[in-house]
Amino acid sequence: MNESIFILKGNLIYSKSAKELEVCENSYLVCEDGVVRGIYKTLPFEYGGYPVEDYGDRLIIPGLVDLHVHAPQYSFRGLGMDMELLEWLETNTFPEESKFCDMEYARKAYGIFVENLKKSATTRACIFATIHRQATLLLMDMLEEAGLDTMVGKVNMDRNSPDYLREASAEESAAETVEWIKDVLHKKYKHTKPILTPRFTPSCTDELMEKLKMIQMRYSLPLQSHLSENPGEISWVKELCPWSEFYGDAYDKFGLFGADCPTVMAHCVYSDDREIARMKENGVFVAHCPESNMNIASGVAPVRKFLDEGVHVGMGSDVAGGSTESIFTAMAHAIQASKLRWRLQDESLKPLTVEEAFFMATKGGGEFFGKVGSFEPGYELDAVVLDDTRLKHPQDLDVKKRLERMIYFSDDREICAKYVAGVQIL
Ligand code: GUN
Ligand code: FE
């Protein structure tokens, strides 16, 4: 007997591509060493005798991936959004993030964030912390303990923010980042990784960007940031970096736009053809955050274009630009926003479908973590088991329709089990 083999049984749903949704009713999903071996309608003889978790008529989907969320902003989700980005940052975000120099506050606030993320359908996330090294490490301890698989960034900011949330110099910001990376390596986390996190171009001097590139090369780290979210932000970047061809180029000139290391950029609402071409060339991932883009009136990203061009796209909650960590809700928002964009802004870009939204929330974003987000053989087994009896009506619904309904109005009550890389955490 191979101790690492177990089997899940239920109605399996996963994406092969943005257009192909696979549904395997009443089937067996065999997992070995945390990895999917295969899906079978009848269990092959060789797997007889291994433990089977029979989830009956429930739905089993890959764990959802949140490519962009701000842990310290969880406290003001759903509040204070009658502003655009730059004013919103000054009014809500910077004052709240400054509180994370206090470890007691951080412990309470991050505790709530991690508890709720654990209860959600999300298994993987790319997370912004704050500029504070110790509180960031505490957040990473908590995520590791929760069993989620995440990338977490200590934020870099050395210009254009109030004294209370700005690192004194590029040297200090870089030195703190290196100290934080050393602390992280010392911890030997199994599923919590560091990711470089320059907040966005307006927050980071050229000197800091150069230093971050050196740190990236030394430690081979991925990177996350914000890109082309809001018109005021974009004109500001033009003033700050007059030498840049477009916003993304202001990262690329420092080698911080995906050419060497995996990179995910949130928003990309106003990315033009040149920026999209560069993202494609460099393999940059887009974190599409439709609720945030509506709440702080940023606009709607041209996701159809990203998909058609073959740019990697995943979903992001962007709490607290977004009000919820639910990636199901983000999927519904992505579809809804794309319909308004199509109707009101550009009829050449067709609205997104349920299949496409589900793909972005699973395999599309999952690729940032490796072979993640699908049940095809060789993928790490992240799975969420959903009991939709609370949502049912007397009519018969097929499995795909039941998934569609989960996307539009399920909540944590529907989640009855969750596995991350083959380990059950809920
Ligand atoms: N751009 C720079 N910082 C932020 C942030 O915290 N949230 C969002 N939505 N955009 C940003
Ligand atoms: Fe953000």
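Just so it is clear, the model here is predicted, and its values are computed rather than measured. Along each chain, numbering runs from 1 in the same order as the chain's sequence is written. Just so you know, chain letters begin at A and ligand numbers begin at 1, following the order they were written in. In keeping with the predicted nature of the model, local features appear solely for residues at pLDDT of at least 70, side-chain atom pairs appear and are counted solely at 80 or more, and the whole-chain, interface and lining totals rest on all residues. Working from all heavy atoms in the structure, the side-chain values ignore hydrogens and water.

Topic: the UniProt feature "domain: Amidohydrolase-related" (unreviewed entry) in the chain
UniProt positions are given in the numbering used here, feature names are shortened, and annotations may be inferred rather than shown by experiment. Within the UniProt annotation, "domain: Amidohydrolase-related" (unreviewed entry) is assigned to residues 60-422. We count a stretch as a helix when DSSP gives it H or I for four or more residues in a row; a strand needs E for two or more, and each element gets its number in order from the N terminus. The distance from the first to the last C-alpha atom of residues 60-422 is 14 Å, and the span holds 44% helix and 16% strand.

Considering the packing of helix α4 (residues 170-187) against helix α5 (residues 206-219)
Convention adopted: a line fitted to C-alpha atoms gives each axis, helices being fitted over their contacting stretch, and angles between N-to-C directions are expressed from 0 to 180 degrees. In contact at an axis separation of 9 Å, α4 and α5 are set at 20° when each is read in the N-to-C sense. Comparing their axes, α5 and α4 come out roughly parallel. Judged by the sense of rotation from one axis to the other, the crossing of α4 with α5 is right-handed. Facing Ala-170, Glu-171, Ser-173, Ala-174, Thr-177, Val-178, Ile-181, Lys-182 and Leu-185 of α4, the residues of α5 in contact are Glu-207, Leu-208, Lys-211, Ile-215, Arg-218 and Tyr-219. For this classification, the nonpolar set comprises Ala, Val, Leu, Ile, Met, Phe, Trp, Tyr, Cys and Pro, the charged set comprises Asp, Glu, Lys and Arg, and every other residue, Gly included, is treated as polar. Class assignment for the residues of the contact of α4 with α5 results in 8 nonpolar, 2 polar and 5 charged. For classification, angles of less than 35 degrees are called roughly parallel, those exceeding 145 degrees roughly antiparallel, those between 65 and 115 degrees roughly perpendicular, and all remaining angles oblique. Crossing handedness: left-handed means the near helix sits turned counterclockwise from the far one by under a right angle, and right-handed means the same turn made clockwise. A contact between two residues is defined here by any heavy atoms of the two lying within 4.5 Å.

Examining the packing of helix α11 (residues 327-344) against helix α13 (residues 399-409)
The description of two packed helices rests on the angle between their axes and on the distance between the axes. Here α11 crosses α13 at 90°, and the two axes come no closer than 6 Å. By the criterion of interaxial angle, the relationship of α11 to α13 is roughly perpendicular. Counting all contacts with α11, which are made through Phe-328, Thr-329, Met-331, Ala-332, Ile-335, Gln-336 and Lys-339, the residues of α13 involved are Met-406, Ile-407 and Tyr-408. Its residues placed into classes, the contact of α11 with α13 shows 7 nonpolar, 2 polar and 1 charged.

Overview of the sheet that holds strand β12 (residues 263-267)
At least two bridges found by DSSP between two strands are what make those strands a pair. With parallel pairing, 4 strands are arranged side by side in an open sheet as β11-β12-β13-β14. Bordering the open sheet on either side are β11 (223-227) and β14 (312-315), each of which pairs with just one other strand. For this sheet, the mean angle separating the axes of adjacent strands, direction not counted, is 30°. Contacts from helix α12 (residues 354-366) reach β13 (285-288) and β14 within the one sheet, and its direction differs from that of β14 by about 110°.

Description of the coordination of the iron ion (ligand 2)
Tetrahedral coordination by four donors places them ideally at 109.5 degrees to one another around the metal; octahedral coordination by six donors ideally gives 90 or 180 degrees. Because water is not among the atoms used, a metal site may look incomplete, as its donors are only the N, O and S atoms within 2.8 Å, or 3.2 Å for Na, K and Ca. Coordination sphere of the iron ion (ligand 2), protein contribution only: His-68 (NE2), His-70 (NE2), His-226 (NE2) and Asp-318 (OD), at 2.0 to 2.3 Å. Read N to C, the donor residues that coordinate the iron ion (ligand 2) are spaced as H-x1-H-x155-H-x91-D. Highlighted residues: His-68 in strand β5 (residues 64-70) and Asp-318 in the loop between β14 and α11, separated in sequence by 250 residues.

Quick notes on the environment of Ser-235
On the secondary structure map, Ser-235 appears in helix α6 (residues 231-240). Each residue is placed in one exposure class: buried if its accessible area under a 1.4 Å probe, protein chains only, is under 20% of its type's maximum, exposed if it is over 50%, and partly exposed if it falls in between. Assessed through its relative accessible area of 40%, Ser-235 is described here as partly exposed. For the pair Ser-235 and Tyr-247, spaced 12 residues apart in sequence, the C-alpha separation works out to 9.1 Å.

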